[in-house]
Amino acid sequence: YEVEVVYAEPEQLATEDVAFSSSVRLYPTKLMEDGKVNLVNSQLVNRMLVYTMEGQLVKEIEKPANSVSLSELPQGVYFVVLHTEEGEITARIVK
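The structure displayed is predicted, hence computed values, not measured ones.

Cut-offs and rules
Within each chain, residues carry numbers counting from 1 in the order of the written sequence. Local features are withheld for residues below a pLDDT of 70 in this predicted model, meaning they are given only at 70 or higher, and side-chain atom pairs are given and counted only at 80 or more; totals for whole chains, interfaces and linings count all residues. The basis for every side-chain value is the complete set of heavy atoms in the structure, and neither hydrogens nor water enter the calculation. Strands are runs of DSSP state E lasting at least 2 residues, helices are runs of H or I lasting at least 4, and numbering of each runs from the N terminus. The classification of residues rests on relative accessible area computed with a 1.4 Å probe and restricted to protein chains. Under 20% of the type maximum is buried, over 50% is exposed, and intermediate values are partly exposed. Here the accessible surface of atoms and residues is derived via Shrake-Rupley with a 1.4 Å probe, and residues count as covered only by protein chains that are part of the display. Any two residues whose heavy atoms approach within 4.5 Å at even a single point are treated as in contact. Pairs of strands are assigned from DSSP output, requiring at least two bridges between the strands. In this analysis an axis means a line fitted to C-alpha atoms, helices contributing only their contacting stretch, and an angle means the value between N-to-C directions, from 0 to 180 degrees.

Counting secondary structure elements, the protein contains 1 helix and 7 strands. Starting at the N terminus, the α and β elements of the protein follow one another as α-β-β-β-β-β-β-β. Burial analysis of the protein (95 residues in total) assigns 29% to the buried set. When the accessible surface of the protein is summed, it comes to about 6800 Å², and 51% of that surface belongs to carbon and sulfur atoms.

Right, dumping it as structure tokens:
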């Protein structure tokens, strides 16, 4: 494995980024038996990608709805990346 560590410069972070990241949210981060994840302001999300901890893409959804089923995925820890016009939001979920 090769790991690249990238540090952001503090002056590169803006208050707009903080305000934006709070407008799109994903919950719950620990999925229930139905395997559904909910998105707040899903209309702002262009694409949703789900990756395993190993970095393998296991699900891709264009223009996701308010509720997305991940029931077909085996139990484990995943990273969900939400692509929007403003940037990306990454969340960790446990199934």
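There's plenty left to go through after this.
Bringing unusual backbone geometry into the picture now. For the peptide bond that leads from Y27 to P28, omega is -10°, which places it in the cis range. Residue placement: P28 occurs in the loop between β1 (25-27) and β2 (36-40). Not every positive phi belongs to a glycine, and N41 is a case in point at roughly 60°. Within the secondary structure layout, N41 lies in the loop between β2 and β3 (45-52). Accessibility expressed as a relative area gives 30% for N41, which makes it partly exposed. A positive phi is found at K63, a non-glycine position, where the angle reads about 45°. When you line up the elements, K63 lands in the loop between β4 (57-62) and β5 (67-69).

You can see V37 is positioned in strand β2. Given the relative accessible area of 0%, V37 is considered buried. When sequence neighbours within four positions are dropped, the list of residues in contact with V37 reads L26, Y27, P28, L31, M48, N66, S67, V68 and L70.

On to the sheet that holds strand β6 (residues 77-84), then. Taking strand neighbours across the sheet as the criterion, the 4 strands line up as β4-β3-β6-β7 in an open arrangement whose pairing is antiparallel. Of all the strands in the sheet, the pair left with one neighbour each is β4 and β7 (87-94). The mean angle between the axes of side-by-side strands here comes to 15°, regardless of whether they run parallel or antiparallel.

Another aspect to go through is the sheet that holds β5. Taken in spatial order, the 3 strands make up an open sheet running β1-β2-β5, and their pairing is antiparallel. Unpaired on one side and paired on the other, β1 and β5 mark the two borders of the sheet. Adjacent strand axes in the sheet meet at a mean angle of 25° when their direction is disregarded.

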